[in-house]
Amino acid sequence: MIRIAPLGRALAVAAAASLALTACGGGEDSAAPASSAPAAQSSSAPAAATAQGDGVLTVGTLLPQTGSLAFLGPPEFAGVGLAVKEINDAGGVLGKPVVQIDTDSGDTSTNIASQSVDKLLQQKADVVVGAASSSVSLSVIDKITGAGVVQISPANTSDQFTTYNDKGLYFRTAPPDVLQGRVLGDLILADGNDTVGILALQDAYGTGLADNVQKAVEGGGGQVVEKVIYDPKAADYSADVAKIKEANPKAIALIGFDETKKIIPELVKQGLTAKKVKYYFVDGNLSNYGTGKDGFPKGTLDGAKGTQPGAQVSDDFKAKLKTVDPNLKDFNYGPESYDATILTALAAVAAKSDAPADIAAKLQEVSSGGEKCKDFKSCNDLLSAGKDIDFDGASGPIEFNEAGDPAEATIGIYEYGADNTNKNVAFNTGKIAG
């Protein structure tokens, strides 16, 4: 049983058991803050330009085709593609089909994201869906919002976006890491681990989530005996693991991306096996590693657990995503990408405009407070009838707050078996504030 909101924290969590297979891990890393109202954070960035609509809603994607989060790309592209198809099948927006332009976000080791944003701005994108990586979003958010264009990420989780001076143009359908940090910290303690070591990659996602996990552990009476912030591009992690080993924790929270494939063997080599210390993963590395040539030896991750933002993905929605990409095996952030696209289209309908500023001004309105609806056609019909709507999507209720963050969200809990793949064991839904 997961301990909910220790020390009076206002995390109201309802756990629901499930046996659905998890998608490969990884919501993303560091990102710029989100704010649909003027941000509290000061910034020297120039005022946003006023992008004009041309009557055609153009959705650009800035999602990973290459780089350390490329495994997240297929479900995210499929989510956007499915949404655009459903929107256009229902008559489009403002009487015209929505245009989709796909680009690669790469990762922070390249300049691909900046080049892709230039391309999208040149092609008059009204909305940019992405990036997946918080760090990548941080590198381009000023360019996007400075051009007066809406940015909406399906996977940014860094707390930085909540107060970022984004000129009211940045939103996200994934929750900030304050919620995942609470759930993971509570889970670690509930499993009987009162001493914890944290291994986290050095970027906004890694350090931010590590801080939130530490706060939850210590707030619940546990102790973080060592926190190591590592270089994700390092050739070797032996020294990092040695520091954790010396601290002798009962549990290790590993907050990273693809480099996890190198860190796990080093943990095993130094005697920190899953039988001796409990492993905990996060969305960035909650992958089905498997066995054999491309996986780990059988039993390497047996009993390890992890957390992943997002509600249960229904079999029906998975089947719909596969109509866009029949090769899909993972579904991480596919629902959030779908919802981001549907929401921006509904905001354009409500505003009767594809001008980005007009869309941004309606996003909070179409996500909360009105008549519930769950797909573009039914929501669009309600808007056409002059009714206020509250879109609840494939990823759950969104309800943007004043910062452009979801006001509440769901975190899934997963557990690995001897085959080094994971299955969902619960879903926790809670308010972000608290």
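Residues numbered from 1 in each chain as written. Predicted model: local features only at pLDDT ≥ 70, side-chain atom pairs only at ≥ 80, totals over all residues. Heavy atoms only, no water.

This paragraph deals with the state of the cysteines. Using the criterion set out here, one finds one disulfide in the structure. Each sulfur of the disulfide joining C373 and C379 lies 2.1 Å from the other. Because the torsion about its S-S bond is 110 degrees, the bridge between C373 and C379 counts as right-handed. Accessibility expressed as a relative area gives 4% for C373, which makes it buried. Looking at C379, the relative accessible area reads 0%, which means it is buried. (Disulfide = S-S within 2.5 Å. Buried < 20%, exposed > 50% of the residue type's maximum accessible area, 1.4 Å probe, protein only.)

Further remarks concern helix α8 (residues 315-324). What α8 keeps buried is the set F317, K318 and L321. Summarising the axial view, the buried residues of α8 lie within an arc of 100 degrees, below the 170-degree limit, and thus occupy one face. In α8, the exposed positions that point more than 90 degrees away from the buried face belong to D315 and T323. Lining the buried residues of α8 we find α1 (73-89) and α9 (334-351). (Helix = DSSP H or I, 4+ residues; strand = E, 2+ residues; numbered from the N terminus. Arc of directions from axis to C-beta. Contact = heavy atoms within 4.5 Å.)

On average, residues of the protein carry a pLDDT of 89, and 89% of them reach 70 or more. Taken together, the stretch residues 1-46 has pLDDT below 50 and engages in 206 contacts with residues farther than four places along the chain or on a different chain. (pLDDT = per-residue confidence, 0-100.)

One pass over the full model with this rule turns up nine aromatic pairs. Ring geometry for F281 versus Y416: centroids 5.4 Å apart, planes at 50 degrees, classification tilted. Taken together, the positions of F281 in strand β10 (residues 278-281) and Y416 in strand β15 (residues 408-416) put the pair 135 residues apart, joining distant regions of the chain. Per residue, the accessibility class of F281 equals that of Y416, and both read buried. (Phe/Tyr/Trp six-rings, centres within 6.5 Å; stacked < 30°, edge-to-face > 60°.)

This next bit is on the environment of Q312. For Q312, the position within the fold is in the loop between β11 (305-309) and α8. You can call Q312 partly exposed: its relative accessible area is 41%. C-alpha separation for the pair Q312 and I411, spaced 99 residues apart in sequence, amounts to 9.3 Å.

A large share of strand β9 (residues 251-255) lies buried, amounting to five of its five residues. Residues A251, A253 and I255 point to one face of β9 and I252 and L254 to the other, with burial holding for every one of them. In the sheet, strand β7 (residues 195-201) pairs with β9 via five bridges, with the strands oriented parallel. Counted as the bridge partner of V196 is A251 from β9. Both β9 and β10 contribute to a ladder of three bridges, which runs parallel. Across the sheet, A251 pairs through a bridge with K278, a residue of β10. In this fold, the crossover linking β9 to β10 by way of helix α7 (residues 260-269) has right-handed handedness. (Pairing = 2+ DSSP bridges. Right-handed = clockwise from strand over helix to strand, strands pointing away.)

Let us look at the layout of surface pockets. One number sums up the size of the largest pocket: a volume of about 310 Å³. If you trace the largest pocket, you find 22 residues lining it, with S68, P232, K233, F257 and E259 closest to the centre. Classifying every residue of the lining of the largest pocket by side-chain character gives six nonpolar, seven polar and nine charged. (1 Å grid on protein atoms, 1.4 Å probe; cavity = no way out; pocket = protein on both sides within 12 Å on 5 of 7 lines; lining within 4 Å. Points joined across faces, edges and corners; volume = space filled by probe spheres on them. Nonpolar A, V, L, I, M, F, W, Y, C, P; charged D, E, K, R; others polar.)

Here we take up the sheet that holds strand β13 (residues 389-393). Strand order in the open sheet formed by three strands is β12-β13-β14, with mixed pairing between adjacent strands. In the strand order of this sheet, the two ends are held by β12 (371-373) and β14 (396-397), each with one partner. By the bridge criterion, two bridges tie β13 to β14 in an arrangement that is antiparallel. Within β14, the residue paired with G393 across the bridge is G396. The sheet strands contacting α9 are β13 and β14, and the helix crosses β13 at an angle near 165 degrees. (Axes fitted to C-alpha atoms, helices over the stretch in contact; angles between N-to-C directions.)

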